[in-house]
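# Examining the three-dimensional arrangement
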Amino acid sequence: MKKLSIRRCEIVSLLEKDGTVLFDTDNMKEVLKKDCIKDYCYIIHDKDRYSKAEEKRNPDHKQGELKPPHIHLLLRFENNQPQKLDCVAKWFHVAPNFVNKITGDWEDACLYQIHFNAPDKYQYPVEEVTCSFDYQELLEDAEKGDKITKIIQRILDGEIREYNKTLEIDNMLLVDYSRKIAEAFKVRSEYLQATQKDRNTECIYITGGSGTGKTSLAKKIAQSKGYSFFISSGSNDVMDGYGQEDCLILDDVRPSCMGLSDLLKMLDPHTASSIKSRYKNKYLNCRLVILTTVLNIDEFYTNVFAEQKEPVTQLKRRCQTYIKMYPNTILVSVWDDKTMQYINPVSYKNPVLNQYIPEQNKEKKDIRERVEELMPFLELSDNERIETDTFTLEKLHTPIDRETVSEEEYQALMEPVGTEKESGGKSS
């Protein structure tokens, strides 16, 4: 019979029985000096207890009783020096049946030394392990691996989404396992595309002039519903950076940003879809989509889809809520599928702008505070040391050509309004 060659093995043996030594640890230490042994790792288990299953197999092994002290010795041989199992048994003076070939991962076998991967058993401290390598480093890698396995599962379950990954995942793990994490998000997206064809998405169209608070209102709507939100850039790739947030805000969307097909798919309230993006298509199944633009809905449609045969109602019926914003008021209307038009709007106060309009006008002291904050190295000119609030904006903003203006004229221009220039003669 051909003798078995092994590259990795484990020896498990009682240390003694009835006063008889069954495993000689002094001999072991000498054997471990052999050149063919690349790595070794051992520990004495003296706090293990019999389980219910072990008692069932052998009634003498009562559940909860301590097992006799025994050693777990792992050996890994050099790649070009596999050893015969029988020879290894002779080295340690044990029967061949005490030597077992390791068929799984070497790292898993090492971690079992302290029962890291057997949480139901006694957890031995790392200090009790003796090995030829850095066991602490192996343990830290295993702990990271254990964490990343749990993180991957949370991604696949939809608990972690791309937009909040930096809040839910340790940043070092994000760096060390970036490829695996990215693959998990990809698998999650593919799973959703395959299983979730339907959606219930609300679409809102907000139009108004610059500075009327369109974006602020869009964010306020999302926040009031407790939704995470993503604000798209004004580039041609509006989905760039989208990470499966609940609300997609297409901010200041321009007619050139996307084609008709993509826009209608994005705004479809009932069908989830994949939207074209620069590097990879993005699966979109959010709860709310909000468009903000300076163009009213008819102008927007005309600018984007003038050459398309689709009627404007395709866009309007998707945007069930239509909002027009003015500095002081907001007009809100909804789409009527029966009449196929927006009904007469209801007027509301604009609550957004008041948050940003200061109660008091700016004064010269505000300039000085700003300079002190940003440019504390500047020093007031002699003229500015005279406290005055009557210095006109005309003087501040009138360009002065120093080459054509005399020093006396320049000083006169820089004098505060309402003061007379002191001179030896009479004032004119």
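Residues numbered from 1 in each chain as written. Predicted model: local features only at pLDDT ≥ 70, side-chain atom pairs only at ≥ 80, totals over all residues. Heavy atoms only, no water.

## Some words on the overall build of the chain
- When its secondary structure is counted, the chain shows 15 helices and 19 strands.
- Partitioning the intrachain contacts of the chain with sequence separation of at least 6 by distance along the chain shows that 61% fall at a separation of at least 24.
- Accessible surface computed for the chain: about 27200 Å², of which carbon and sulfur atoms make up 49%. (Helix = DSSP H or I, 4+ residues; strand = E, 2+ residues; numbered from the N terminus. Contact = heavy atoms within 4.5 Å. Areas by Shrake-Rupley, 256 points an atom, 1.4 Å probe, with all protein chains shown as cover.)

## Some words on the packing of helix α5 (residues 135–156) against helix α8 (residues 178–195)
- The N-to-C vectors of α5 and α8 enclose an angle of 25 degrees; their axes lie 9 Å apart at closest approach. The angle between the axes of α5 and α8 places the two elements in the roughly parallel class. Here α5 runs over α8; the crossing is right-handed. Residues I148, I152, I155 and L156 of α5 form the contact with α8, whose own contacting residues are K180, I181, A184, F185, V187 and R188. (Axes fitted to C-alpha atoms, helices over the stretch in contact; angles between N-to-C directions. Parallel < 35°, antiparallel > 145°, perpendicular 65-115°, else oblique. Left-handed = near helix turned anticlockwise from the far one by under 90°.)

## Things to note about the layout of surface pockets
- In this structure, the largest pocket encloses a volume near 530 Å³.
- The wall of the largest pocket is formed by 28 residues, among which R188, S189, L192, Q244 and Y283 lie closest to the centre.
- If you list the elements that add at least two residues to the lining of the largest pocket, you get α8 and β14 (282–284).
- Looking at the lining of the largest pocket element by element, the count peaks at seven residues for α8. (1 Å grid on protein atoms, 1.4 Å probe; cavity = no way out; pocket = protein on both sides within 12 Å on 5 of 7 lines; lining within 4 Å. Points joined across faces, edges and corners; volume = space filled by probe spheres on them.)

## Looking at a negative patch on the surface
- Together, D105, E107, D108, D134, E137, E140, D141 and E143 give the surface a local cluster of negative charge.
- Counting only elements with at least two residues in the negative patch, the list comes to α4 (106–111) and α5.
- Considering every element that reaches the negative patch, the biggest residue donor is α5, with four residues.
- With respect to the helices and strands, the residue E143 is situated in helix α5.
- Exposure remark for E143: the relative accessible area of 35% places this residue in the partly exposed category. (Patch = residues over 30% accessible without salt bridge, like charges linked within 9 Å, V, L, I, M, F, W, Y side chains within 5 Å. Salt bridge = Lys/Arg side-chain N within 4 Å of Asp/Glu carboxyl O. Lys, Arg positive; Asp, Glu negative; His and termini not counted. Charge placed at Lys NZ, Arg CZ, Asp CG, Glu CD. Buried < 20%, exposed > 50% of the residue type's maximum accessible area, 1.4 Å probe, protein only.)

## With respect to the pattern of salt bridges
- In total, this model carries twelve salt bridges according to the counting rule given.
- Measuring nitrogen to oxygen at the nearest pair gives 2.8 Å for the salt bridge that ties R76 to D39. Of this pair, R76 sits in strand β6 (residues 70–77) while D39 sits in strand β5 (residues 37–45), placing them 37 residues apart in sequence.
- Between K150 and D146 there is a salt bridge, with the nearest N and O atoms lying 3.7 Å from each other. A residue pair is termed a helical-turn pair when its members lie 3 or 4 positions apart in one helix, as K150 and D146 do in helix α5 at four residues.
- Here K150 falls in the exposed class, since its relative accessible area comes to 53%.
- Taken together, the shared-partner salt bridges in this structure form one network comprising R154, E159 and E168.

## Let's talk about helix α9 (residues 214–224)
- Considered for burial, the residues of α9 that qualify are K214, S216, L217, A218, I221 and A222.
- In this structure, the buried side of α9 is in contact with β10 (202–208), β11 (229–231), β12 (247–250), β15 (288–293), β16 (321–325) and β17 (329–336).
- Downstream of α9 by a residue or two, G226 has a phi angle that is positive, lying close to 75 degrees.

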